[in-house]
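A closer look at the structure
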Amino acid sequence: MNILVINGPNLNMLGIREPGIYGRETYADLCRKIREHAEKKEIGVTLYQSNHEGDLVDAIQQAYGKADGIVINPGAYTHTSVAILDALKAVSIRAVEVHISDVDAREEFRKISYVRLACEKTISGHGTDGYLEAIDYLAGGN
Ligand code: DQA
């Protein structure tokens, strides 16, 4: 089982950006937490972060034939990107959308998610534990 964990724009700024919303854990802390969890469960993980929409599309396309599942937090592109939605649809890899904050309890524009249309599940507002829940879901199928 190989899972690709994709983080979009500004998630490299975790720990610095709006800590009241996103917490004090850094992106490096998040990567460590995901790797440790996956190792314990004997799941292969690849971590990828980019601030650029096209790079995120490339990462999804490159997962074709390699990844069994995708965990994706597209950051602000969640609310705007048809290109990321189409990439997920193109590769047909099982995907789970994750948001650290509870996007449905914030501004109206954050309630819209294009990528959700290509995801089996959305986990929102569980902090960084949401990534681990998404991995467990893809690994266990529940
Ligand atoms: C986010 C929520 C998005 O609205 C925001 O643009 C982000 C992070 C989250 O993890 O809560 O960058 O995806």
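Residues numbered from 1 in each chain as written. Predicted model: local features only at pLDDT ≥ 70, side-chain atom pairs only at ≥ 80, totals over all residues. Heavy atoms only, no water.

1. Thoughts on the packing of aromatic side chains
Note the following rule: Classification of ring pairs rests on two measures: the distance between centres of Phe, Tyr or Trp rings, Trp counted by its six-membered ring, which must be within 6.5 Å, and the angle between planes, read as stacked under 30 degrees, edge-to-face over 60 and tilted in between. Ring-over charges, as used throughout, are those where CZ of Arg or NZ of Lys falls within 6 Å of the ring centre and within 35 degrees of the ring normal.
Across all of its chains, the model carries zero aromatic pairs by this definition. Above the ring of Y22, the side-chain terminus of R17 is found at 4.1 Å from the ring centroid.

2. Some thoughts on the site of the ligand
This is how the line gets drawn: Proximity is defined per residue: any heavy atom of the residue falling within 4 Å of a molecule or strand makes that residue near it. Here a polar contact is recorded for every N or O atom pair within 3.5 Å, except that within protein the pair must consist of a potential hydrogen donor and a potential acceptor, and residues adjacent in sequence are included only if both atoms are side-chain atoms. Per-residue accessibility takes into account occlusion by the displayed protein chains alone, with areas from the Shrake-Rupley method and a 1.4 Å probe. Gly is put with the polar residues, along with every residue not named as nonpolar or charged; the nonpolar set is Ala, Val, Leu, Ile, Met, Phe, Trp, Tyr, Cys and Pro, and the charged set is Asp, Glu, Lys and Arg.
In the vicinity of the ligand, the contacting residues are P9, R17, Y22, N73, G75, A76, H79, H99, I100, S101, V103 and R110. Note that an oxygen atom of the ligand is positioned 2.7 Å from one of the side-chain N or O atoms of H79. At a separation of 2.8 Å, an oxygen atom of the ligand approaches a polar backbone atom of I100. Taking 320 Å² as the accessible area of the ligand by itself, protein coverage stands at 98%. Per-class residue counts for the shell around the ligand are five nonpolar, five polar and two charged.

3. Here we look at the environment of G15
Just so we agree on the cut-off: A helix here means a DSSP run of H or I that spans at least four residues, while a strand means a run of E at least two residues long, and both kinds are numbered starting from the N terminus. Should any heavy atoms of two residues lie within 4.5 Å, those residues are considered in contact.
You can see G15 is positioned in the loop between β1 (2–7) and α1 (19–22). Excluding anything up to four places from it in sequence, G15 contacts G23, R24, E25 and T26.

4. Let's talk about the nonpolar core
Condition: Among buried residues, those of type Ala, Val, Leu, Ile, Met, Phe, Trp, Tyr and Cys that are joined through side-chain atoms within 4.5 Å constitute a nonpolar core. Residue exposure (1.4 Å probe, protein chains only): buried if accessible area is under 20% of the type maximum, exposed if over 50%, otherwise partly exposed.
Core analysis: the biggest nonpolar cluster contains 23 residues, and I3, V5, I34, V71, V96, Y131 and I135 have the highest contact counts within it. Sorting the residues of this core by element identifies β1, α2 (27–40), β4 (94–99) and α5 (129–140) as the ones contributing at least two each. The element best represented in this core is α5, accounting for six residues. Here I3 is in contact with I43, G44, V45, T46, G69, V71, I135 and L138, once residues within four sequence places are set aside. Membership of the second largest hydrophobic core comes to 20 residues, among which are I6, A67, A87 and V115.

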